[in-house]
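# Analysis of the macromolecular model
Single-letter residue listing:
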Amino acid sequence: MNKIAFVFPGQGTQYVGMGKILYDSVDEETRTMIDDIYNTIDNKDLKNIMFNGTEEELKDTKNAQPSIAILSTILTKKIIDKGIKPDYLAGHSLGEYSSLYSAGVLSINDTISLISTRGKLMSDAKIKGGMAAILGLPSNDVENICNEIDGIIEPVNYNEPKQTVVAGDIDVINNSLNIFKEKGAKRALPLPVSGPFHSSLMRPLADLIKSEFSKYKWHDALVPIIANTNANIINSVDEIQNELYSQTFGPVKWVDTIHKLKELGVVTIYEIGPGKVLSGLIKKIDPEIKVINIESIENINNI
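Residues numbered from 1 in each chain as written. Predicted model: local features only at pLDDT ≥ 70, side-chain atom pairs only at ≥ 80, totals over all residues. Heavy atoms only, no water.

## What to know about the overall build of the protein
Keep this limit in mind: Secondary structure counts use DSSP, requiring at least four H or I residues in a row for a helix and at least two E residues in a row for a strand, with both numbered from the N terminus. For this measure, only C-alpha atoms enter the radius of gyration; the expected value for a globule follows 2.2 Å times N^0.38, where N is the number of residues. Here's how the labels work: a residue is buried when its accessible area is under 20% of the maximum for its type, exposed when over 50%, partly exposed in between, all with a 1.4 Å probe on protein chains only. The contact rule is simple, with two residues in contact once any of their heavy atoms fall within 4.5 Å. The Shrake-Rupley method, run with a 1.4 Å probe, gives the accessible areas here. Residue values count only the displayed protein chains as cover. Under this rule, positive means Lys or Arg and negative means Asp or Glu; His and the chain ends count for nothing. The atom standing in for a charge is NZ when the residue is Lys, CZ when it is Arg, CG when it is Asp and CD when it is Glu.
Counting its regular elements, the protein contains 14 helices and 10 strands. The globule rule puts the C-alpha radius of gyration for 303 residues at 19 Å, and the 18 Å found for the protein is close to it. For the C-alpha atoms alone, the extent of the protein along its principal axes is close to 55 × 45 × 35 Å. For the protein, the residues scored as buried account for 57% of the 303 residues in total. Taking the contacts inside the protein whose residues are at least 6 apart along the sequence as the reference set, 74% of them involve residues at least 24 apart. A total accessible area of about 13,000 Å² is found for the protein, and carbon and sulfur atoms account for 48% of it. Side chains of the protein carry 31 positive and 39 negative charges; the gap between the two charge centres is 3 Å.

## Points about the side chain of serine 279
Note on placement: serine 279 falls in helix 13 (residues 277-285). Taking relative accessible area as the criterion, serine 279 reaches 5% and is therefore assigned buried.

## Brief notes about helix 13
Keep this limit in mind: Think of the arc as the fan of directions from the helix axis to the C-beta atoms.
Residues of helix 13 that are buried: Leu278, Ser279, Leu281, Ile282 and Ile285. Seen end-on, helix 13 carries its buried residues on one side only, within an arc spanning 165°. For helix 13, exposure combined with an orientation more than 90 degrees from the buried face picks out Lys283 and Lys284. If you follow the buried residues of helix 13, they end up packed against strand 1 (3-8), strand 4 (153-160), strand 5 (163-168), helix 12 (254-263), strand 9 (266-272) and strand 10 (290-294).

## Some words on the environment of isoleucine 37
Along the polypeptide, isoleucine 37 turns up in helix 2 (residues 28-40). The exposure class of isoleucine 37 is buried, given its relative accessible area of 0%. In contact with isoleucine 37, not counting residues within four places along its chain, are Ile70, Ile74, Ile108, Asn109 and Ile112.

## Points about unusual backbone geometry
The phi dihedral of serine 93 is positive, around 60°, even though this residue is not glycine. Relative to the elements of secondary structure, serine 93 occurs in the loop between strand 2 (88-91) and helix 6 (94-102). Although it is not a glycine, alanine 231 adopts a positive phi angle of roughly 60°. With respect to the element layout, alanine 231 can be found in the loop between strand 7 (225-226) and strand 8 (233-234).

In short, the description is geometric, and any link to function would need to be established separately.
Written as structure tokens, this is what we have:
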């Protein structure tokens, strides 16, 4: 049987004006729902930033994460209302949190509230470190090179077969770029991020995020989620909370996630949220999978 999956993008896919485009294109009931979300999260400037803010303001983690998630969750509600329902869910980093609403794990308000808190904690943490994208090398080569380098440098995002992101100590990252090129990488690019996300340096932050879980009402997943850190199916509240904790300082195994979805019979994937980053990655991982991008109400109406 042909299966469907919904996947949700991570930080970096946001763009100026995306919130206003969504808000202006939905019905009055949905606008009221969006306003309610803005009123319940601990970021009273977010609506104005999403509608009228600068690229720099929107790029701040505390604004970027809930902004992306609001777009993803509202579009998810609309696509489900249209009668399209997923058999499986997955999300890239932040996107794994966005999947909680689709899975019935948290209400839409609780999902955005938790993500908003996560974004603020990450923005305030100021954990020193950096990230770099290594292009043109198989991931096992990137792993071996990291193991040979002194200091903290770890593969953290397995995005596609020959694109792996590393994270760790900022000086180690910067000093290693030429090493990757000498070992065959086509490019080794430092990324404009505020911390070494998904690396072991983020472990103290994971404890802060975990302490927030008790503030919300959780449910077992109605739709199975494929976990970032190991590409296993997770359903229970304990499994989901452990995954959200672990992915703070653990890798995003996106290649394995897509292979798992294919193994489970998924032939169509809807990327729900701003941009087409995941669509591009999926096509490189498995070009046989059909990918449909949903980043606007117009996209849903055109299905």
